[in-house]
Each structure stands twice: as structure tokens, then as C-alpha cells.
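A look at the structure
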Amino acid sequence: LRQRFLRTNEQRVADGKPEIPVESRLLVAMTHGLPPCCGAALGLERLLMVQLGSKTIDEVFPFPIEFA
């Protein structure tokens, strides 16, 4: 995954776009034993957004979430 991030950044620079930080919590988790995995998930919040016709996900969160 790290190599993929690096290749993506090379392409971004070639396209005149800014680089994306390579270090992430996902990469740290993978170095500490996260097993190989993949998949897709549809969160309850997204389903509620569709059902209620919400414009933003903040409208359906039951409590505020702040991202670090």
C-alpha cells in the first residue's frame, strides 16, 4: 500500500497536483499486524441520508464527531 501511495504521488506531481501525505493510521496498523483484507461497507448514516433526503452526513449523526 505504501508503494501504491508513492506511485500515486509521483503521478500527482507529474499532473501538477500537490502530493498527498503517505503516512496514515492505516499504514501504521498494517505494520502492526493488520491482516490482508478488502471490502466495502455501507454505513447506517449513509442509508439514513438517502431515506431522509439529507444533504450532509452531519444531519444524521446521532452525536458530533470531530476528526483529528
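All values derive from a computational prediction rather than experimental measurement.

What follows is about the overall build of the chain. When helices and strands are counted, the chain shows three helices and zero strands. Each helix and strand of the chain, placed in order from N terminus to C terminus, yields the pattern α-α-α. Over its C-alpha trace the chain gives a radius of gyration of 17 Å, far above what one expects of a compact globule, namely 11 Å for 68 residues. Counting only C-alpha atoms and orienting by the principal axes, one finds that the chain spans roughly 40 × 35 × 25 Å. By the burial criterion, 9% of the 68 residues in the chain qualify as buried. When contacts within the chain are restricted to residue pairs at least 6 apart in sequence, long-range pairs at least 24 apart make up 17% of them. For the chain, the accessible area works out to roughly 6200 Å², and carbon and sulfur atoms hold 60% of it. Taken as two groups, the 8 positive and 8 negative side-chain charges of the chain have centres that lie 6 Å from each other.

The rules we used
Residues numbered from 1 in each chain as written. Predicted model: local features only at pLDDT ≥ 70, side-chain atom pairs only at ≥ 80, totals over all residues. Heavy atoms only, no water. Helix = DSSP H or I, 4+ residues; strand = E, 2+ residues; numbered from the N terminus. Rg over C-alpha atoms; globule rule 2.2 N^0.38 Å. Buried < 20%, exposed > 50% of the residue type's maximum accessible area, 1.4 Å probe, protein only. Contact = heavy atoms within 4.5 Å. Areas by Shrake-Rupley, 256 points an atom, 1.4 Å probe, with all protein chains shown as cover. Lys, Arg positive; Asp, Glu negative; His and termini not counted. Charge placed at Lys NZ, Arg CZ, Asp CG, Glu CD.

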